[in-house]
Amino acid sequence: QVQLVESGGGLVQPGGSLRLSCAASGSIISIDTMGWYRQAPGKQRELVAIISSGSSTNYADSVKGRFTISRDNAKNAVYLQMNSLKHEDTAVYYCNADKIYSGGYYSYDWWGQGTQVTVSS
């Protein structure tokens, strides 16, 4: 059974940094694109950053230059380094894997349970 588990959220002051981690567990052969999304109270879930299996990246305009996404294919993990955090970055952050090959077949659109990031003084 595949699972995505996030860690690294917490409370940080404006201008501070956090690093989120997400590890996929199970008998995984490969994962295609992985990414981070976030959902603030009263708002829809939005894309933060995605990274392909070949490490091509794409970012939301609101985080460009401040956040960096990376992955470790050997560990089936994806990371989000968040610098210069702002109040508006406060949200629950979710890890996503769009296509996983495991147990002889592909499965799609896996999500972690979410980790809270709060930016407050």
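Structural data are supplied above this passage.
These notes cover the structure that comes with them.

Thresholds applied
Residues numbered from 1 in each chain as written. Predicted model: local features only at pLDDT ≥ 70, side-chain atom pairs only at ≥ 80, totals over all residues. Heavy atoms only, no water. Core = buried A, V, L, I, M, F, W, Y, C linked by side-chain atoms within 4.5 Å. Buried < 20%, exposed > 50% of the residue type's maximum accessible area, 1.4 Å probe, protein only. Helix = DSSP H or I, 4+ residues; strand = E, 2+ residues; numbered from the N terminus. Contact = heavy atoms within 4.5 Å. Disulfide = S-S within 2.5 Å. Pairing = 2+ DSSP bridges. Axes fitted to C-alpha atoms, helices over the stretch in contact; angles between N-to-C directions. Salt bridge = Lys/Arg side-chain N within 4 Å of Asp/Glu carboxyl O.

Some remarks on the nonpolar core
A general feature of soluble globular proteins is that nonpolar side chains tend to end up buried together.
Reasoning step 1: One finds Trp36, Leu80, Met82 and Tyr93 to be the most contacted residues of the largest nonpolar core, which totals 31 residues.
Reasoning step 2: Within the residue set of this core, elements represented by two or more residues are β3 (18-25), β4 (28-31), β5 (34-39), β6 (46-51), β8 (67-72), β9 (77-82), β10 (91-102) and β12 (115-119).
Reasoning step 3: When residues of this core are assigned to their parent elements, the largest contribution, 5 residues, is made by β10.
Reasoning step 4: Look past the residues within four positions of Leu80 in its chain and what remains in contact with it is Leu18, Arg19, Leu20, Trp36, Val48, Ala49, Phe67, Thr68, Ile69 and Tyr93.

As for the state of the cysteines
Reasoning step 1: Enumeration according to the criterion identifies 1 disulfide in this entry.
Reasoning step 2: Bridging Cys22 to Cys95, the disulfide has an S-S length of 2.1 Å. Given an S-S torsion of about -75 degrees, the disulfide between Cys22 and Cys95 has left-handed geometry. Here Cys95 lies in strand β10 and Cys22 lies in strand β3, a separation of 73 residues in the sequence.
Reasoning step 3: What makes Cys95 buried here is its relative accessible area of 0%.

Some points on the sheet that holds strand β1 (residues 3-7)
Reasoning step 1: Reading across the sheet, the 4 strands line up as β1-β3-β9-β8 and stay open at both edges, with antiparallel pairing between neighbours. Only two strands of the sheet have a single partner each, and these edge strands are β1 and β8. Across this sheet, the average inter-strand angle for adjacent strands is 15 degrees, counted without regard to direction.
Reasoning step 2: By the bridge criterion, 6 bridges tie β3 to β9 in an arrangement that is antiparallel. Within β9, the position partnered with Leu18 by the bridge is Met82.

Some points on the pattern of salt bridges
Reasoning step 1: Evaluation of the coordinates by the stated rule reveals 4 salt bridges.
Reasoning step 2: Residue Lys64 is joined to Asp61 by a salt bridge in which the shortest nitrogen-to-oxygen separation is 3.1 Å.
Reasoning step 3: Owing to a relative accessible area of 64%, Asp61 belongs among the exposed residues under this scheme.
Reasoning step 4: Here Asp89 ties to Arg66 by a salt bridge, and the two come within 2.7 Å at their closest N and O atoms. Taken together, the positions of Asp89 in the loop between β9 and β10 and Arg66 in the loop between β7 (57-59) and β8 put the pair 23 residues apart, joining distant regions of the chain.
Reasoning step 5: The exposure class assigned to Arg66 is buried, which follows from its relative accessible area of 10%.

A word on the environment of Thr68
Reasoning step 1: Residue position: Thr68 is located in strand β8.
Reasoning step 2: Residues Thr68 and Gly112 lie 44 residues apart in sequence; the distance between their C-alpha atoms is 19 Å.

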